[in-house]
Amino acid sequence: MTVQGRGAESGTDVLIRKVDSHLAALRTGLHGPELELAEDLARCLRELVVATAHSSAADRGLVRAAVHYFVLRRESRGKLLPVRSLAAAQRVVNKAVRQLGRPDLLVETPRRDRSAPDPALR
């Protein structure tokens, strides 16, 4: 007995649920540019998951690794294991985007609110 077509869709669903679940958790504690970056990363990852659902195992593995890097944040234990920043996740996701040849999905760093004065200009 063979099961056809189910593996790619179920794997895709699992990864998208992980991204969505993590984004929901981030929404409770982030706001402003950090929340915007998290939402942009989640949107990019969802699109990559769907786009590579039927790609090579190497491409799917690259996307899966980027999803896991975004989702799995280490708990801080002093200076040994710092919590991963969204900027670090952005670098990992953008590296995967470049390797997959999808520069249209690059995640830009959100711009600061233009109404707030820039502390560097003071």
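Residues numbered from 1 in each chain as written. Predicted model: local features only at pLDDT ≥ 70, side-chain atom pairs only at ≥ 80, totals over all residues. Heavy atoms only, no water.

1. Structural notes on the overall build of the protein
A tally of regular secondary structure across the protein gives four helices and zero strands. Starting at the N terminus and walking to the C terminus, you meet the elements of the protein as α-α-α-α. Long-range pairs, those at least 24 residues apart, make up 58% of the contacts in the protein with a sequence separation of at least 6. Surface exposure of the protein reaches about 8,300 Å², of which carbon and sulfur atoms provide 53%. (Helix = DSSP H or I, 4+ residues; strand = E, 2+ residues; numbered from the N terminus. Contact = heavy atoms within 4.5 Å. Areas by Shrake-Rupley, 256 points an atom, 1.4 Å probe, with all protein chains shown as cover.)

2. Structural notes on the pattern of salt bridges
Per the stated rule, a full pass over the model turns up five salt bridges. Note that Asp 40 is salt-bridged to Arg 43, the shortest N-O span being 2.2 Å. Here the residue Asp 40 and the residue Arg 43 both occupy positions in helix 2 (residues 33-51), the gap between them amounting to three residues, near one helical turn. The partly exposed category is assigned to Arg 43, whose relative accessible area is 46%. Salt-bridge contacts for Asp 104 lead to Arg 102; the nearest nitrogen and oxygen are separated by 2.9 Å. In this structure Asp 104 comes out as exposed when scored by relative accessible area, which is 54%. (Salt bridge = Lys/Arg side-chain N within 4 Å of Asp/Glu carboxyl O. Buried < 20%, exposed > 50% of the residue type's maximum accessible area, 1.4 Å probe, protein only.)

3. Here we look at the confidence of the model for the protein
Averaged over all residues, the pLDDT of the protein equals 82, while 74% of them reach at least 70. Low confidence marks residues 114-122, where pLDDT is under 50. Its contacts with residues over four positions away, or in another chain, come to three contacts. (pLDDT = per-residue confidence, 0-100.)

4. Quick word on helix 2
With 19 residues, helix 2 extends 27 Å between its outermost C-alpha atoms, agreeing within 8% with the 27 Å of an ideal straight helix rising 1.5 Å per residue. Those residues of helix 2 lying buried are Leu 35, Leu 37, Ala 38, Asp 40, Leu 41, Ala 42, Cys 44, Leu 45, Leu 48 and Val 49. (Expected span 1.5 Å × (residues − 1).)

5. Describing the side chain of Asn 94
Summarising the element assignment, Asn 94 is placed in helix 4 (residues 86-99). Within the structure, Asn 94 has its side chain in polar contact with the backbone nitrogen of Val 107 (distance 2.7 Å). (Polar contact = N/O pair within 3.5 Å; in protein donor to acceptor, adjacent residues only side chain to side chain.)

6. Let's talk about the packing of helix 2 against helix 3 (residues 57-71)
In the contact formed by helix 2 and helix 3, the axes pass within 10 Å of each other and the chain directions differ by 155 degrees. As judged from the angle between their axes, helix 2 and helix 3 are roughly antiparallel. Considering only the axes of helix 2 and helix 3, their crossing is left-handed. Residue-level inspection shows Ala 38, Leu 41, Ala 42, Leu 45, Leu 48 and Val 49 of helix 2 in contact with helix 3, the latter providing Val 63, Ala 66, Val 67 and Phe 70. (Axes fitted to C-alpha atoms, helices over the stretch in contact; angles between N-to-C directions. Parallel < 35°, antiparallel > 145°, perpendicular 65-115°, else oblique. Left-handed = near helix turned anticlockwise from the far one by under 90°.)

7. A look at the nonpolar core
In terms of nonpolar packing, the biggest core is built from 28 residues, with Leu 41, Val 67, Phe 70, Leu 86 and Val 93 touching the most fellow members. When residues of this core are traced back to their parent elements, those giving at least two are helix 1 (6-27), helix 2, helix 3 and helix 4. Sorting elements by how many residues they give to this core places helix 2 first, with nine residues. Not counting chain neighbours up to four residues away, the residues in contact with Phe 70 comprise Val 19, His 22, Leu 26, Ala 38, Leu 41, Ala 42, Leu 45, Leu 86 and Ala 89. (Core = buried A, V, L, I, M, F, W, Y, C linked by side-chain atoms within 4.5 Å.)

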